[in-house]
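This is what each chain is made of:
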Amino acid sequence: MKKWYVGVLTTSLLMFLVLGYCVMRKPVKESYVTSSLYFNMTNPLEWINAMAPPAAHHPESITQVISAEIVVSELFIKRNLSAEEQPSLSTWYQLKRLTTHDLVLPNAIEAVKEATVAWNNLMGAVEREKLDTNDSSIKAGKQKQCPHFLSKTNATELDASGFKLRLPCGLTQGSSITIIGIPNGLLGNFRIDLTGEPLPGEPEPPVILHYNVRLHGDKITEDPVIVQNTWTIARDWGEEERCPLPSDEKSKKVDELDQCNEMVGNVMATRHVIATNKSSMVQGRAKSRKYFPFKQGYLSVATLRVGSEGIQMTVDGRHITSFAFRETLEPWLISEVRISGDIKLISVVASGLPTSEDSEHINDLEALKAVPLPPRKRLDLFIGVFSTTNNFKRRMAVRRTWMQYDAVRSGQVAVRFFVGLHKNQMVNEELWNEARTYRDIQLMPFVDYYSLITWKTIAICVFGTEVVSAKFVMKTDDDAFVRVDEILSSMERINVTRGLLYGLINTDSHPHRSPDSKWFISPEEWPEETYPPWAHGPGYVVSSDIAKMISSKQRKGRLKMFKLEDVAMGIWISEMKKNGLEVKYEKEERIFNEGCRDGYVIAHYQGPREMLCLWQKIEEKKRALCCGD
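Residues numbered from 1 in each chain as written. Predicted model: local features only at pLDDT ≥ 70, side-chain atom pairs only at ≥ 80, totals over all residues. Heavy atoms only, no water.

The condition is simple: UniProt positions are given in the numbering used here, feature names are shortened, and annotations may be inferred rather than shown by experiment.
The protein carries the name Beta-1,3-galactosyltransferase galt1 in an unreviewed UniProt entry, which gives Datura stramonium as its organism. Taken verbatim from the UniProt record of the protein, the Cofactor (unreviewed entry) comment is "Mn(2+)". Looking at the protein in UniProt, the text filed under Subcellular location (unreviewed entry) is "Golgi apparatus membrane".

Listed below in structure tokens is the structure:
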């Protein structure tokens, strides 16, 4: 009995020592932190299995800070860049503290992590280009990277993996994908997925729009239904949107169009006509059926079109569904169309794709390049323009229109585009070439997500006070037409050089508390019932003292982050006012938040054609007249 007891005791002691040794070598807590710091750069399934948090996790802020510092270190390594490349990074290194210490904005870690991968890939391509002596082959390849139009005819039957159409440079507002096909097979069910770029180590790319047509229903209904959704490896499937809508749901509006056409699922009466002879016909009785845009065995022409708020689907010329963009799943990140299921494809056409102009074929290239910044001279105005990576045409329209004002060409006013990186290397390479050609782009050390536009506002303040010295600093968008002459005249008329916020001021606005809203703000983000006065985003101006305080506070890590950039500016100015700054709120009614009216100072939501038209009217009529009817 004693021998048995001693044996058990000895065995237990040995097991305890081995276990203790393993824990000392790699404690459980350390394993958890190491996994989260590593950011899933290898096999994500290994990361999930290695005692990682669940897919939809929310690490503590201190872990976020440490993680970001490790990940972004490569973003700020000094690079051996030429004189024509360096100006694009004038604010890049000054935002290091912002990207590593102020990660309270949604998706900040993802944007910085993805930017690190994108930046390393881009710099690798730049270095290879410098080493390559065959310049002609490089240029030939560049011209083919961002086509305006792609098509695949006679796609016929799908193979085992379905049909895929690569979109080299993503989509932009106005882009469309038209699919002509016939639902067939046993059920006639098919799906269309618009997917993004996967990060290294991710088995599948994010699905920015999952469009699933189920002609024979599903577990919820026996009637035909369209299901729309999104999928990411981090968040899995999102919340389904169904058409026809469930009886207890109210249709939302996306770009002023219904989430689901009210006709879908409603009973439609049809009449059968029976011919008796050549001269007379007998009409049969009415037959009722529920309307659905797709029908098994019948040809359909379906078009997905990108709007400003979401993606719309029309079938045979009739609007059917709308799907609002979701956070981090934005159209410029789409890189592929995937079609699978029971459908015979006739053709797939993608048009209106973002493409950059070939600088070698531009006659007035020198007139479009940014005027060199005057040394040791104070600017009257600096204008920072928000732009996303593949908005090549919008930036070119701005260069050809209001950037041609005499004040801009003379150097009295400077204009720069503030652009984040893209997950797609081709887009980044096109952007890099554009930046060193025109020298009017400021690259941001994060991937362009709508939730991070506040960082661009800060970067504009940094540029306007630390890179250049400007009396006034302005923020606008690449789809806004700015009358630079009238902005300068307004600054002279107001005659205020300190504590100024000029724009379309909103003094009575409330946070959007509905999670469905694009501008949703939770009570944790802003507990008060109203916002302080703020100016709408299409265009506002602040005096240099305000911009300088914002730049200084971000450098010290004392600036409150808020994801709505125009409201954030109002919050920062309100805090300055509480601390003794005398603030002048100057409301400008001629700034139009949506569209254009004659006599405008700023007209928003203007596409490239409208911008060129507005500029032509100013040149010919010498008046600010709108285009169209």
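1. Examining the state of the cysteines
For clarity, the threshold we go by: Note on terminology: pairs of cysteine sulfur atoms within 2.5 Å are recorded as disulfides. Put simply, DSSP H or I for four residues or longer makes a helix, DSSP E for two residues or longer makes a strand, and each gets a number counted from the N terminus. Think of it in three bands: with a 1.4 Å probe and only protein chains considered, a residue is buried below 20% of the maximum accessible area for its type, exposed above 50%, and partly exposed in between.
Summed over all chains, the structure comprises four disulfides. The residue that forms a disulfide with Cys 613 is Cys 627, at a sulfur-sulfur distance of 2.0 Å. Between Cys 613 and Cys 627 the disulfide shows an S-S torsion of about -110 degrees. By sign, it is left-handed. Here Cys 627 lies in the segment after α16 (608–621) and Cys 613 lies in helix α16, a separation of 14 residues in the sequence. Given a relative accessible area of 25%, Cys 627 falls into the partly exposed group. Cysteine pairing for the protein (bonded cysteines numbered in sequence order): 1-2, 3-4, 5-7, 6-8.

2. Digging into the packing of aromatic side chains
To be explicit about the condition: Centre distance within 6.5 Å is the pairing criterion for rings of Phe, Tyr and Trp, where only the six-membered ring of Trp is used; planes under 30 degrees apart are then read as stacked, over 60 as edge-to-face, and the remainder as tilted. Sitting over a ring, as applied to charges here, requires NZ of Lys or CZ of Arg to be within 6 Å of the ring centre and within 35 degrees of the ring normal.
Counted according to the given criterion, the structure contains 15 aromatic pairs. Each ring, one from Phe 418 and one from Phe 463, has its centre 6.2 Å from the other, and the planes form 85 degrees; the classification is edge-to-face. Of this pair, Phe 418 sits in strand β19 (residues 413–421) while Phe 463 is found in helix α12 (residues 453–467), placing the two residues 45 residues apart along the sequence. On the basis of relative accessibility, which here comes to 0%, the residue Phe 418 falls in the buried class. Each member of the aromatic cluster is reached from another via a ring pair, and the members are Phe 76, Trp 92, Tyr 93, Trp 119 and Trp 432. Across from the ring centre of Tyr 438, 4.1 Å away, lies the NZ or CZ of Arg 399, which sits over that ring. Its end group placed over the ring of Phe 386, Lys 475 keeps NZ or CZ at 4.4 Å from the ring centre.

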